[in-house]
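A structural walkthrough
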Amino acid sequence: MPVKDFPQECWELVFRFLGHGRHLESVSMVCKQFLSITNRLQFSLTVYDPTIPLIPQLLLRFSRLKILDLSHFNGGDLEGLLHQISHSGLDLDLINLSNQRTLPIDGLRKLGSKMINLRVLICSNIGSLHDSHLVVIAYCFPFLEELDISFPLNSQASDFGMLRLSSMLENLHKINLSGNYLITDKSLFSLCQNCMSIKEISFFNCFKITQVGIASAINLRPSLTSISFDIEKKRIHGPGLTLIPINLDLIDSFRSLKRLTAIDLSNSFISDEFLFAVAEGSGLLLKKLILQDCCNHTFAGISYVLSKCQSVQCLDLRKADFLTDQCISKLSIFLLNLTSINLSGCCQLTNSTFCILTRSCPLLSEIKMERTSLGLEGEEGSMLDVVVNLQVKTVYLGDNILLNDANLIKFASIFPGLQLLDLNSCEGISGECVVEILKRCCEIRHLSLAYTGMKLFMINFQVSQLEVLNLSGSRINDEGLSIISKKCCRLLLLDIQSCWYVTAKGVREVVENCRALEELNLKNCGSVPDDFVAGLTFSRPSLRKIITPSGVSVYY
């Protein structure tokens, strides 16, 4: 059958299998028919400043866009851009307006008059947020299901705006209020009272929301499935600092959260009694437990909650410095469903913990053990007891100063399917070790060797899967870049920030040989002149973003 007679629906299925975005660029250049089909498969668009003149054509070209990300837009005329989008005829599902100086009222109104089916609005890190913005959002997007107004630089949003918003957004089921320090218990209560579908609430750094207010809101809406907040660790009292005890009503309220699947209490003052209540409430439904940087609890509390909540998939115990290899060995029997764990900052954990996790957690895909005692042999397990684990894809081992080549090569032999390895600031590893890892883990796509002191590694084979390489702060030189450019030719992103031994010669060789290169970070590369960067895109049209030696981000 000739290509032109092959049904377009079938071509769409084939192209969907290939991927999206950059994966379809080469396909789109084959013929006009393929270009038309790939255009219809583009559902997400991120707008950078250089893209602005092309916006009308892009919105017309990608007629099925559902997600529009404006968080990188710094052009200034956000009002005009929103007007263009509102006239595009698109039916957006999500728009991200984060990192803007403020939200243009008229632009939101115009957008709301056209995008009536918008489900998700993200407005995080807005320069200035006011009650008027909340009222306009509620009025213009009545069918919103998710809203993020977290961490504005200057928050003037108060209970007045939140009361108006909650009374109008009946379909809202997820909201992030974090960093809006003027709102009080009234706002939280009104959300739980008026938004009948509310399931997920985040309110970190909302200092006027009290423990009593949280308890009242939970009792009003016990059907919550996710809750994220911090319980203040310390408060100034007289000449010193006094810990604030946990309110008994708050502890009791968590026993009523029978549908809770996720809880994030990062940077909180908690207690074992509080963890007991969480376990008694959510039981087997709990999938995500984040206790990073928490204090005042013990191993008994963690053990109890994990014994009762054995469906936990994501576990974050960062900086639980009381944890030992023996503790992890005891917990491992409850972690059969675990897919991600963060034990960074648990300074007593050694190689034993690493081996216990890989041996006892059959579904584990991500391990974070930064700033631990990896490199030391513990008593609870031996490197001789390791078994190959094909599930683990992502490993973060940064800042482990005791980690050496022998340990790392043994770890690599456990994970032949590894795709991301972060060795940031692991100064005890050599270039020979890195080469051996790349041999054993041939599926690695993302490798960070930042601040390792790495100078050169002699690769005599093709590293065909590597897409992201971070060498920032290393001692890499032009000779090293030359080898990388020839053996890692599929690189998409190269970060060589603060690499003082790199010159324009080495950078030019990378750009010429890495034909898919999209991003290049040259910040603080003192031996590379700024004016050299201007001509790079002519030799490599695939480049989308360059950070110049002086730190300026240039988009193409």
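Here the structure is a predicted model, which means the values were calculated and not measured.

1. A few points about the overall build of the protein
Counting secondary structure elements, the protein contains 21 helices and 25 strands. Sequence separation of 24 or more characterises 74% of the internal contacts of the protein that already satisfy a separation of 6 or more. Carbon together with sulfur atoms contributes 54% to the accessible area of the protein, which is approximately 24,200 Å² in total.

2. Quick notes on the pattern of salt bridges
Side chains that differ in charge, positive against negative, can pair when their charged atoms come close. Tallying each qualifying case throughout the model produces 12 salt bridges. We note a salt bridge from Lys319 to Asp293, for which the minimum N-O separation is 3.8 Å. Note that Lys319 is positioned in the loop between β15 (314-316) and α14 (325-331) and Asp293 in the loop between β14 (288-290) and α13 (299-308), a separation of 26 residues in sequence. Owing to a relative accessible area of 48%, Lys319 belongs among the partly exposed residues under this scheme. Here the salt bridges do not stand alone but share partners, grouping Asp93, Arg119 and Glu145 into one network.

3. Things to note about unusual backbone geometry
If you check the backbone angles, Asn99 has positive phi at about 70° while not being a glycine. Within the element layout of this structure, Asn99 appears in the loop between β3 (94-96) and α6 (105-114). One non-glycine residue, Asn205, lies in the positive phi region at around 55°. What makes Asn205 partly exposed here is its relative accessible area of 30%.

4. Examining the environment of Ser98
Assignment of secondary structure puts Ser98 in the loop between β3 and α6. Note on Ser98: relative accessible area 6%, which makes it buried. Considered as a pair, Ser98 and Asp148 are 50 residues apart in the sequence and their alpha carbons are 9.1 Å apart. Leave out the neighbours within four places in its chain, and Ser98 touches Leu70, Ser71, Ile122, Cys123, Ser124 and Ile126. Side chain to side chain, Ser98 and Asn96 meet in a polar contact 2.7 Å long.

5. A word on a nonpolar patch on the surface
A contiguous nonpolar surface patch, about 300 Å² in accessible area, is contributed by Leu376, Ile401 and Leu402. With respect to the helices, strands and loops of the structure, Ile401 is situated in the loop between β18 (394-396) and α16 (405-414). Taking relative accessible area as the criterion, Ile401 reaches 69% and is therefore assigned exposed.

6. Comments concerning helix α9 (residues 185-194)
Burial in α9 covers these residues: Ser187, Leu188, Ser190, Leu191 and Cys192. Structurally, α9 contributes buried residues whose contacts are with α8 (159-168), β8 (174-176), β9 (200-202) and α10 (211-220).

7. Topic: the packing of aromatic side chains
Inspection of every chain in the model, using the stated rule, returns 6 aromatic pairs. Judged by centre distance (5.2 Å) and plane angle (5°), the ring pair of Phe203 and Phe229 falls under stacked. In this pair, Phe203 sits in the loop between β9 and α10 while Phe229 sits in the loop between β10 (226-228) and β11 (234-237), placing the two residues 26 residues apart along the sequence. Comparing Phe203 with Phe229 shows no difference in burial state: the two are buried.

8. A closer look at empty space enclosed by the protein
Throughout the structure, instances matching the rule amount to 1 cavity of 30 Å³ or more. In this structure, the largest cavity encloses a volume near 50 Å³. Looking at the lining of the largest cavity, the element that brings in the most residues is α16, giving 3 residues. Its residues assigned to classes, the lining of the largest cavity shows 9 nonpolar, no polar and no charged.

9. Points about the side chain of Ser190
Mapping Ser190 onto the fold places it in helix α9. With residues near it in sequence (within four places) discarded, Ser190 still touches Met162, Leu163, Ser166 and Cys195.

10. A look at the side chain of Ser158
If you trace the backbone, Ser158 turns up in the loop between β7 (154-155) and α8. The contact partners of Ser158, leaving out residues within four places of it in the chain, are Asp131, Ile183 and Ser187.

11. Details of the environment of Val312
Take Val312: it is sitting in the loop between α13 and β15. A residue is classified by how much of its surface remains accessible, and Val312, at 1% relative accessible area, is buried. For Val312 and Thr339, which are 27 residues apart along the polypeptide, the C-alpha to C-alpha distance reads 8.5 Å. Apart from residues no more than four positions distant in its own chain, Val312 is found in contact with Leu286, Lys287, Leu306, Asn337 and Leu338.

12. Some words on the nonpolar core
Phe254 and Leu397 are the most contacted members of the largest nonpolar core, which totals 164 residues. The residues touching Phe254, leaving out its near neighbours within four places in the chain, are Ile218, Ile227, Phe229, Leu260, Ile263, Phe274, Ala277, Val278 and Gly281.

About the criteria used
- Going along each chain's sequence as written, the residues are numbered from 1 onward.
- It should be noted that, the model being predicted, local features are given only for residues of pLDDT at least 70 and side-chain atom pairs only at 80 or more, the latter also being counted only at that level, while totals for whole chains, interfaces and linings use all residues.
- No hydrogens and no water enter the side-chain calculation; it runs on all heavy atoms of the structure.
- For the purposes of this entry, the term helix denotes a DSSP run of H or I that reaches at least four residues, the term strand denotes a run of E that reaches at least two, and both are numbered from the N terminus.
- Contacts were defined at the residue level, with two residues in contact if any of their heavy atoms lie within 4.5 Å.
- Only the protein chains shown count as cover for residues, and all accessible areas are computed by the Shrake-Rupley method using a 1.4 Å probe.
- Counted as salt bridges are all cases of a side-chain nitrogen of Lys or Arg within 4 Å of a carboxyl oxygen of Asp or Glu.
- The cut-offs for exposure are 20% and 50% of the maximum accessible area for each residue type, with area from a 1.4 Å probe on protein chains only; residues under the lower value are buried, those over the upper are exposed, and the others partly exposed.
- Nitrogen and oxygen atoms within 3.5 Å of one another constitute a polar contact, given that in protein one can donate a hydrogen and the other can accept it, and given that sequence-neighbouring residues count only through two side-chain atoms.
- In this scheme, patches are assembled from residues that exceed 30% relative accessible area and form no salt bridge. Like charges are connected within 9 Å, while nonpolar side chains (Val, Leu, Ile, Met, Phe, Trp, Tyr) are connected within 5 Å.
- Centre distance within 6.5 Å is the pairing criterion for rings of Phe, Tyr and Trp, where only the six-membered ring of Trp is used; planes under 30 degrees apart are then read as stacked, over 60 as edge-to-face, and the remainder as tilted.
- Method remark: on a 1 Å grid restricted to protein atoms, a set of points is classed as a cavity if a 1.4 Å probe fits but cannot get out and as a pocket if it is open with protein on both sides within 12 Å along at least five of seven lines; lining residues have an atom within 4 Å of a point.
- Grid points are joined across faces, edges and corners, and a volume is the space filled by probe spheres set on the points.
- Note that Gly is not counted as nonpolar here; it falls among the polar residues with everything else outside the nonpolar set of Ala, Val, Leu, Ile, Met, Phe, Trp, Tyr, Cys and Pro and the charged set of Asp, Glu, Lys and Arg.
- The nonpolar core is taken to be a set of buried Ala, Val, Leu, Ile, Met, Phe, Trp, Tyr and Cys residues, with the residues joined through side-chain atoms within 4.5 Å.

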